[in-house]
Amino acid sequence: MDIANVTRAAARGLRRAAPALVSVVLILLGWEVYVDLSGISATALPAPSRVAAQGWQARAVLAENALATLTATLSGFAVSLACAFVLSVAIDFVPLLRRALFPVFVISQTLPLVAIAPLVVLWFGFGLLPKILLVALVTFFPMLVALVDGFEATDRDITRLLRSMGAGRGQLFWRARLPSALPFFFAGLRISITYAVVAAIFAEYAGAARGLGIFILNAKNNFRPDLVLAAVFVSSALTLALFALAVMAQHFAQPWRRA
Amino acid sequence: MTLRLDDLRLTRGATHVLDGVTLEAREGEFISILGPSGAGKSTLFELLLGSLAAEGGQITHNGQPVQGRDLFAFMPQRDALMPWRRVIDNIALGLEVQGLPRRAARDRVRPLLPRFGLDGFERHWPHQLSGGMRQRAALARTLVQDRPLLLLDEPFGALDALTRTRMQRWLEARLQETRVTTLLVTHDVREAVALSDRIYLLSPRPARVVEVFDVPQPRPRMETGPGEEALALETRILRTLLEGERE
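Residues numbered from 1 in each chain as written. Chains lettered and ligands numbered in written order. Predicted model: local features only at pLDDT ≥ 70, side-chain atom pairs only at ≥ 80, totals over all residues. Heavy atoms only, no water.

1. Overview of the overall build of chain A
Item 1. For chain A, the helix and strand inventory stands at 10 helices and zero strands.
Item 2. Start at the N end of chain A and walk to the C end: the helices and strands fall as α-α-α-α-α-α-α-α-α-α.
Item 3. Burial status across chain A gives 40% buried among its 259 residues.
Item 4. For chain A, the accessible area works out to roughly 14000 Å², and carbon and sulfur atoms hold 72% of it.
Item 5. Mean positive and mean negative side-chain charge positions of chain A (21 and 11 charges, respectively) differ by 6 Å. (Helix = DSSP H or I, 4+ residues; strand = E, 2+ residues; numbered from the N terminus. Buried < 20%, exposed > 50% of the residue type's maximum accessible area, 1.4 Å probe, protein only. Areas by Shrake-Rupley, 256 points an atom, 1.4 Å probe, with all protein chains shown as cover. Lys, Arg positive; Asp, Glu negative; His and termini not counted. Charge placed at Lys NZ, Arg CZ, Asp CG, Glu CD.)

2. Points about the domain arrangement of chain B
Residues and elements named next belong to chain B.
Item 1. By domain assignment, chain B separates into domain 1 (2-71 + 149-246) and domain 2 (83-146).
Item 2. Computed over C-alpha atoms only, the centres of domain 1 and domain 2 are separated by 25 Å.
Item 3. With 12 residues of domain 1 at the interface, the matching set in domain 2 holds nine residues.
Item 4. Summing the contributions of domain 1 and of domain 2, the shared interface buries around 950 Å²; its carbon and sulfur component is 77%.
Item 5. Viewed at the interface, domain 2 and domain 1 are joined by one salt bridge.
Item 6. Close ionic contact of R115 with E177 constitutes a salt bridge, the shortest N to O distance being 2.4 Å.
Item 7. The interface formed by domain 1 and domain 2 includes four residue pairs in polar contact (both at pLDDT 80 or more). (Domains from an automatic or database assignment. Contact = heavy atoms within 4.5 Å. Buried area = accessible area lost by both parts, 1.4 Å probe. Salt bridge = Lys/Arg side-chain N within 4 Å of Asp/Glu carboxyl O. Polar contact = N/O pair within 3.5 Å; in protein donor to acceptor, adjacent residues only side chain to side chain.)

3. Digging into unusual backbone geometry
Residue and element names in this part refer to chain B.
Item 1. Residue P206 is reached from R205 by a cis peptide bond, and omega for that bond is -10 degrees.
Item 2. Among the secondary structure elements, P206 is positioned in the loop between β9 (198-202) and β10 (209-214).
Item 3. Phi is positive for N62, close to 55 degrees, though the residue is something other than glycine.
Item 4. With respect to the helices and strands, the residue N62 is situated in the loop between β4 (56-61) and β5 (64-65).
Item 5. Judged by its relative accessible area of 47%, N62 is partly exposed.
Item 6. Backbone geometry at A80 places phi at a positive 55 degrees, although glycine is not the residue there.
Item 7. Inspection of the secondary structure puts A80 in the loop between β6 (72-75) and α2 (87-91).
Item 8. A relative accessible area of 8% means that A80 is categorised as buried.

4. Remarks on helix α7 (residues 156-164) of chain A
Item 1. Considered for burial, the residues of α7(A) that qualify are D157(A), I158(A), T159(A), L161(A), L162(A) and S164(A).
Item 2. Buried residues along α7(A) sit in contact with α8 (169-205) of chain A together with β6, α3 (93-97) and α5 (131-143) of chain B.
Item 3. Its side-chain oxygen placed 2.7 Å from the backbone nitrogen of D157(A), D155(A) serves as the N-cap of α7(A).
Item 4. Where α7(A) ends, the next residue or the one after it, G166(A), has phi of about 95 degrees, a positive value.

5. Here we look at the pattern of salt bridges
Residue and element names in this part refer to chain B.
Item 1. Tallying each qualifying case throughout the model produces 29 salt bridges over all chains.
Item 2. Note that D19 is salt-bridged to R9, the shortest N-O span being 3.1 Å. Taken as a pair, D19 in strand β2 (residues 15-26) and R9 in strand β1 (residues 2-12) lie far apart in primary sequence, 10 residues in all.
Item 3. Across the pair R26 and E29 runs a salt bridge, and its minimum N-O distance is 3.5 Å.
Item 4. In this structure R26 comes out as partly exposed when scored by relative accessible area, which is 39%.

6. Some details on a positive patch on the surface
Item 1. There is a patch of like positive charges on the surface, built from R8(A), R12(A), R15(A) and R16(A).
Item 2. By secondary structure assignment, the location of R12(A) is in helix α1 (residues 3-38). (Patch = residues over 30% accessible without salt bridge, like charges linked within 9 Å, V, L, I, M, F, W, Y side chains within 5 Å.)

7. Topic: the interface of chain A and chain B
Item 1. Counting residues at the interface gives 19 residues for chain A, matched by 24 residues for chain B.
Item 2. Taken together, both faces of the contact between chain A and chain B bury some 2100 Å²; the carbon and sulfur share is 61%.
Item 3. The three residues of chain A that bury the most area against chain B are M165(A), R175(A) and W256(A), which together make up 33% of that side's buried surface.
Item 4. For the interface between chain A and chain B, the tally reads six residue pairs in polar contact (both at pLDDT 80 or more).
Item 5. Breaking the side of chain A that touches chain B down by element, the ones donating at least two residues are α7 and α8 of chain A.
Item 6. Broken down by element, the residue count for the side of chain A that touches chain B peaks at seven residues, all from α7(A).
Item 7. Among the residues forming the side of chain A that touches chain B, the class breakdown is 10 nonpolar, four polar and five charged. (Nonpolar A, V, L, I, M, F, W, Y, C, P; charged D, E, K, R; others polar.)

As structure tokens, this is what we get:
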């Protein structure tokens, strides 16, 4: 891709994002004006300008905590992905496993994170492990379902064709079922990665040495809603960045969609 | 080389599908299996490919019972091209399944592309091709497997009339070159008459062979258009089909 192409793509992207940008700016502006006119105290509702200024002053601490949250998110999600992939393949080859394990995973999804998070921290301490476990708990099942459903969505004619060519179960999986699952996998990935950030922050909130979750808890206890909101914006930015990464990964993994 | 289907019988659940189907294909022949929709034509292919087992009768090749699939190259109703494979890799699929490395499979496929009108399209994705081109790619994928028997399951059913005629013409020319034994399942009478040496007409379910028609017209036929003889045969077959439905 040459420079002119990149510039054109960037301009096109900007034009498409313009309506959303305008509405975000309008909301912030309305908020600012409301705080200004109503004279509400900054400890109840800080203006966006104050959030930005205080956030900027605390940028070193915020960055350090954001990095901790990012580490927890990505390691938890990596563990979750690896487990979901291995288990989905096992289920694809041994359908009995599905009936044996799915009810257990469905129940795991009904557990309220509020109740589980403090317990997991109690059992495994303030380190990385409880965060990995909680992120995995939240994201594992959606990824597993996406993969299992994806394998099963394989075109019947393609299956018959491969069988007629003499392909066995293994070839059928690599040549048809795995590529067929890609769109499902990436749909699951885009959703799960956003859940993963929320889960990591929740895990930190329940007890951690570092991370946006514990930063938010401390800021709240110190009556600093401006810093709470600054951390919220940082976590939103983090989530959006990971979402964009997932979209980019799909872009590169499915070149036929671009043509 | 002779393939024989002898008195094949099959019931699936409560449905009586095949009621003793017998037919034969000799070396280099083009055989059509013609019948109303849902008659069980495609089921015959599933029996040949071993994805279903008949309850009665047998399938023999040169007098020996058929085992394994390396006798047949199969083309399903829709083209079944994999959207994630480039055109050349879709055509080479069968060779890769047979164990040929991707590069070697591509090298075997490349010289064939011009004959299939796909020259210059090898790096394209299937969704970038027209309906006719997709069908030609699917046919190339079938022929390149180099099996003694072709099984074509309504290969042109999804195409518009003009493209279909063009494809039939083109298929006739290809088969003139190779003379590979072919079984075609279709419900298009004109297609069967234009392409076949012999036509087996099936009854509605449960299927049995109602009548066998020989098509003596010399080839190539598509160039000259259907002769009077072929048109008369077409009318006769259509009448038999319609009468069969009234019963």
